[in-house]
Amino acid sequence: MTLLSREFYQKPTLDLAKALLGCELVKETEEGLASGYIVETEAYLGAGDRAAHSFNNKRTKRTEIMFGPAGNAYTYVMHTHCLFNVVSAQIGTPEAILIRAVEPVRGLHLMEKRRAGRKQKDWTNGPGKLTKALGINQNDYGHALLREPLYIHHGYTPKQISEGKRIGIDNSGEARDYPYRFWVTGNKYVSR
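Rules used throughout
- Residues numbered from 1 in each chain as written.
- Predicted model: local features only at pLDDT ≥ 70, side-chain atom pairs only at ≥ 80, totals over all residues.
- Heavy atoms only, no water.
- Phe/Tyr/Trp six-rings, centres within 6.5 Å; stacked < 30°, edge-to-face > 60°.
- Helix = DSSP H or I, 4+ residues; strand = E, 2+ residues; numbered from the N terminus.
- Buried < 20%, exposed > 50% of the residue type's maximum accessible area, 1.4 Å probe, protein only.
- Salt bridge = Lys/Arg side-chain N within 4 Å of Asp/Glu carboxyl O.

Caption draft 1: Representation of the packing of aromatic side chains. Under the criterion given, the structure shown has 5 aromatic pairs. Taking the centre distance of 6.3 Å and the plane angle of 75 degrees together, the rings of Y74 and Y141 count as edge-to-face. With Y74 in strand β3 (residues 73-78) and Y141 in the loop between α3 (127-134) and β6 (146-147), this pair connects stretches of sequence that are 67 residues apart. Taking the relative accessible area as the measure of exposure, Y74 reaches 1% and is therefore buried. For Y141, a relative accessible area of 27% gives the class partly exposed. Summarising the aromatic geometry, the rings of Y178 and Y180 are spaced 5.2 Å apart at their centres and angled 50 degrees between planes, so their arrangement reads as tilted.

This is how it looks when you write it as structure tokens:
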């Protein structure tokens, strides 16, 4: 497997959101390694996107990493769930891509333990579910995705990519209708 380079992440955000589909997201912990192919993403375009945490260039302790280089991890907690994003765009432009779902690849025993009592299909088919299954947490905030313990490899090229409206952002004005959600067409691990 080939690790994604810093240059890979330096695409326009919408292009990167599609390019990440099929890539393998890997997390190493003391328990072992777990990974999944990225099958669903959502792009957030910063200053002009009412749904983005960085709308109007809002700069807080939480959003600070979004103003840094593409290819870093932006994690945050929402409704008790840790969510994982890939920082995108050039330095100073606070954009990011939420990883919404992955297809389990390696470390299935770990994912099964971390998501006990659930069917395999439900281990990673949502942004809070995948972080629990892989062991991604707030300590990964700001980590460069170019090295252990959290990184992304090239994986496969999806045969078809679908796009549509983002999920769960109904209070964001016109931004709720932007077609910035992308997924591997027909993949059973897509969140909805």
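Caption draft 2: The pattern of salt bridges, seen in detail. Enumeration according to the criterion identifies 12 salt bridges in this entry. R100 is paired through a salt bridge with E40; the nearest N and O atoms lie 3.1 Å apart. With R100 in strand β5 (residues 95-106) and E40 in strand β2 (residues 32-44), the pair connects residues that are 60 residues apart, well separated along the chain. Exposure remark for E40: the relative accessible area of 0% places this residue in the buried category. Note that D122 is salt-bridged to K121, the shortest N-O span being 3.9 Å. On the accessibility criterion, D122 (23% relative accessible area) is partly exposed. Residues participating in the shared-partner salt-bridge network are E40, E42, R100 and R181.

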